[in-house]
Amino acid sequence: MRPASPTRRAAASIAAALAFLTAAGQASAEPNAKQVFSAQHAAAALPAESLGFYTKGCLAGGAQLPADGPTWQAMRLSRDRHYGLPTTVAFIENLSRAAAQRGIWPGLLVGDMSQPRGGPMPSGHSSHQIGLDLDIWLQPMPTPRLTAAAREDFPFRSVLKKGTFQVDDRIWNSRYRDLIKLAAEDAKVQRIFVHPGIKKKLCETAGDDRAWLNKVRPYYGHHEHFHVRLFCQPGSPNCTEQKSTGRGDGCGDLDWWFNTALQPPPPNAKPAKPKPEMTLADMPRQCRAVANAPAMGSAGSMIAATSTKAAASVGLAYAPSGSIPIPTNRPAR
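This section reports on the structure supplied with the text. Please read these numbers as outputs of a predicted model, since none were measured by experiment.

### Concerning the nonpolar core
Formed by 49 residues in total, the largest nonpolar core has its most connected members in Phe91, Ile180, Ile192, Ile198, Phe226 and Val228. At the level of elements, strand 5 (72-74), helix 3 (86-101), strand 7 (108-110), strand 8 (133-137), helix 5 (174-184), strand 9 (189-194), helix 6 (196-205) and strand 11 (225-230) are the ones that each hand at least two residues to this core. In contact with Ile180, not counting residues within four places along its chain, are Trp172, Ile192, Val194, Ile198, Leu202, Trp212, Val216 and Phe226.

In structure tokens:
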């Protein structure tokens, strides 16, 4: 067998070195934050606190919204996304009760909140990471109440006319407006996201009392649910506030949405460059401790692991299914 030439030996050495560096880099790479936080199925046994920003942070000591209450039902239970600060859970309970007492809606269908320890989710949201975001479906709680199984595939319903960006008056009535207004008037609410078509309808029907409209902001999607975001709460000094909504009712800013933002991109437009996956190192440093903290048991006791198997011992095991419907992001014309 003929010995390798110096050139071939050099090439082999370079290849080996590159392989070593690649392996070393992979070994030292920071964990993917979505994988870390979506693997948690119990809250961190730490004092309740929001850490970081709504789109880059985590949740310590999260409280779980009960799946069923007198005036609400939590949806898509298998997604395991019904955690928040205790203040967030209390907000939902109070809003649902007030809406029922005032004859606005008999009960709320509550969509995604945060994961047990917050952080980025594997699908559906870029925010909802610090226990201060929640989705409320744009459908009253039905009678009879939904079973847990029925909530997995109960269909979403858009309030827009099919093929348009306008609210469908066959679905919409003043109670939809009154529910959003009731939520916006709570001092803990920082802003509410709705589809631009819903914002337009609210602007047209609000009457003279318009201060609450300032908090209602148009955004893509959000035609099947509205998204409530709370301010950073006392006891969370490491929570990063969002920019103020400023002044005014925001009703004069809708032309850009309908004329530009909601229009299809030009045929020659370059696709948006995907954002790199968030790693644990990208998050607030306290989130590493949240990810590694012991789990909180259902009665406040510590349990050892964060796997689904371990969570099952306290009734927190869920098996998220890829077939569970999720809301659409941008309705097509």
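Anyway, onward from the coordinates.
### Quick notes on unusual backbone geometry
Here the residue pair Thr143 and Pro144 is connected by a cis peptide bond, since its omega of 0 degrees sits within 30 degrees of zero. With respect to the helices, strands and loops of the structure, Pro144 is situated in the loop between strand 8 and helix 4 (150-153). In this model, Arg76 sits at a positive phi of 50 degrees, which is unusual for a non-glycine residue. Along the polypeptide, Arg76 turns up in the loop between strand 5 and strand 6 (83-84). Of note, the phi angle at His128 is positive, near 60 degrees, even though the residue is not glycine. By the secondary structure assignment, His128 is in the loop between strand 7 and strand 8. Assessed through its relative accessible area of 0%, His128 is described here as buried.

### Observations concerning the state of the cysteines
This structure, assessed with the given rule, holds 3 disulfides. Shown here is the disulfide that connects Cys58 with Cys287, its sulfur atoms set 2.1 Å apart. Every disulfide takes its handedness from the sign of the S-S torsion; for Cys58 and Cys287 that torsion is -95 degrees, giving left-handed. In this pair, Cys58 sits in strand 2 (residues 56-60) while Cys287 sits in helix 8 (residues 286-292), placing the two residues 229 residues apart along the sequence. Each member of the pair Cys58 and Cys287 is classed as buried. Paired through a disulfide, Cys232 and Cys239 show a sulfur-sulfur distance of 2.0 Å. One quick way to see it: the torsion about the S-S bond of Cys232 and Cys239 is about -70 degrees, and its sign makes the bridge left-handed. Comparing Cys232 with Cys239, the two get one shared label, buried. When the cysteines engaged in disulfides are numbered in sequence order, the chain pairs them as 1-6, 2-5, 3-4.

Rules and cut-offs
Residues numbered from 1 in each chain as written. Predicted model: local features only at pLDDT ≥ 70, side-chain atom pairs only at ≥ 80, totals over all residues. Heavy atoms only, no water. Core = buried A, V, L, I, M, F, W, Y, C linked by side-chain atoms within 4.5 Å. Buried < 20%, exposed > 50% of the residue type's maximum accessible area, 1.4 Å probe, protein only. Helix = DSSP H or I, 4+ residues; strand = E, 2+ residues; numbered from the N terminus. Contact = heavy atoms within 4.5 Å. Disulfide = S-S within 2.5 Å.

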